[in-house]
Amino acid sequence: MTVSDLINGMLREEGGFQKAFRNILEDELKMSLNEFCQISGISQSTMYKILEDKREPNLRTVRQVIKSLKIVMGPEESHFIAVVANTMVVDNLPKTIDMDGLTVSVREYPVSTVEDAIIAAVRAERDGALGVVCAPIVAPTVEKILSIPVSRAIPSTSVLKAIDRLKDFI
């Protein structure tokens, strides 16, 4: 489980934040709630109310939890390359790659429009991406906005396959 799983859980269902947070604390970090509260600065009573479904977490608390989890989980969580591309492209990507002895995650940011791609690239930088891979059509704009490296993905083989498929219709 990762911080993104926590966010997805919160957005997906009622009580999803609580379930995901418990899993991260118990399974990933093997940490007590008391220990987490000391690190995060969030009061134990607040966290107990949230975990017992007596209170929904407010945005400030969620941000504080996420920030603290990123610190506790260490740098491994932040070693990732973001791939901003169409769903068909990101479906077949490896989950990790080796970069000079450092294992780096490949995180997918599926999009379907140019505007979505720009927004996803900004989100990837905010999530802590080391760099962004995106289509050449959005790369110039993304490079102006981001402070991390941007690499263009030029899908020459997929273009050739698409041309080949058109042969039957022409």
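Scroll up for the structure.
Below: a short report on this structure. In this text, all values refer to a predicted model and were calculated from it rather than measured experimentally.

**Notes on the sheet that holds strand 2 (residues 96-99)**
Moving on, step 1. Taken in spatial order, the five strands line up as 2-3-1-4-5 in an open sheet, and their pairing is mixed. The outermost strands of the open sheet, each flanked by one partner alone, are strand 2 and strand 5 (150-152). In this sheet, adjacent strand axes meet at a mean angle of 30 degrees when their direction is disregarded.
Moving on, step 2. Two strands pair when backbone bridges link them, and strand 2 and strand 3 (residues 102-110) are joined in this way by four bridges, in the antiparallel orientation.

**Focus: the pattern of salt bridges**
Moving on, step 1. Inspection of the entire model under this criterion finds four salt bridges.
Moving on, step 2. Taking the shortest distance from any N to any O, the salt bridge between Lys 95 and Glu 108 comes out at 3.3 Å. Taken as a pair, Lys 95 in the loop between helix 6 (87-90) and strand 2 and Glu 108 in strand 3 lie far apart in primary sequence, 13 residues in all.

**A few points about the packing of aromatic side chains**
Moving on, step 1. Scanning all chains against the criterion turns up two aromatic pairs.
Moving on, step 2. An angle of 0 degrees between the planes, with centres 6.1 Å apart, marks the rings of Phe 17 and Phe 21 as stacked. Taken together, the residues Phe 17 and Phe 21, both in helix 2 (residues 16-29) and four residues apart, mark about one turn of the helix. For the pair Phe 17 and Phe 21, one class covers both residues: buried.
Moving on, step 3. Measuring from centroid to centroid gives 5.1 Å for Phe 21 and Phe 36, while their planes differ by 70 degrees, and the two rings are edge-to-face. You can see Phe 21 sitting in helix 2 and its partner Phe 36 sitting in helix 3 (residues 33-40), a full 15 residues away along the chain. The residues Phe 21 and Phe 36 share a single accessibility class, namely buried.
Moving on, step 4. Three or more aromatic residues joined by ring pairs make a cluster, and in this case those are Phe 17, Phe 21 and Phe 36.
Moving on, step 5. Positioned above the aromatic ring of Phe 80, the side-chain terminus of Arg 107 is 3.7 Å from the ring centre.

**So, helix 3**
Moving on, step 1. Leu 33, Phe 36, Cys 37 and Ser 40 are the residues of helix 3 that are buried. For helix 3, the arc enclosing every buried residue in end-on projection is 100 degrees, short of the 170-degree limit, so these residues lie on one face.
Moving on, step 2. Buried residues along helix 3 sit in contact with helix 2, helix 4 (44-51) and helix 5 (59-73).
Moving on, step 3. Downstream of helix 3 by one or two residues, Gly 41 has phi in the positive range, about 85 degrees.

The rules we used
Residues numbered from 1 in each chain as written. Predicted model: local features only at pLDDT ≥ 70, side-chain atom pairs only at ≥ 80, totals over all residues. Heavy atoms only, no water. Pairing = 2+ DSSP bridges. Helix = DSSP H or I, 4+ residues; strand = E, 2+ residues; numbered from the N terminus. Axes fitted to C-alpha atoms, helices over the stretch in contact; angles between N-to-C directions. Salt bridge = Lys/Arg side-chain N within 4 Å of Asp/Glu carboxyl O. Phe/Tyr/Trp six-rings, centres within 6.5 Å; stacked < 30°, edge-to-face > 60°. Buried < 20%, exposed > 50% of the residue type's maximum accessible area, 1.4 Å probe, protein only. Lys NZ or Arg CZ within 6 Å of the ring centre and 35° of its normal. Arc of directions from axis to C-beta. Contact = heavy atoms within 4.5 Å.

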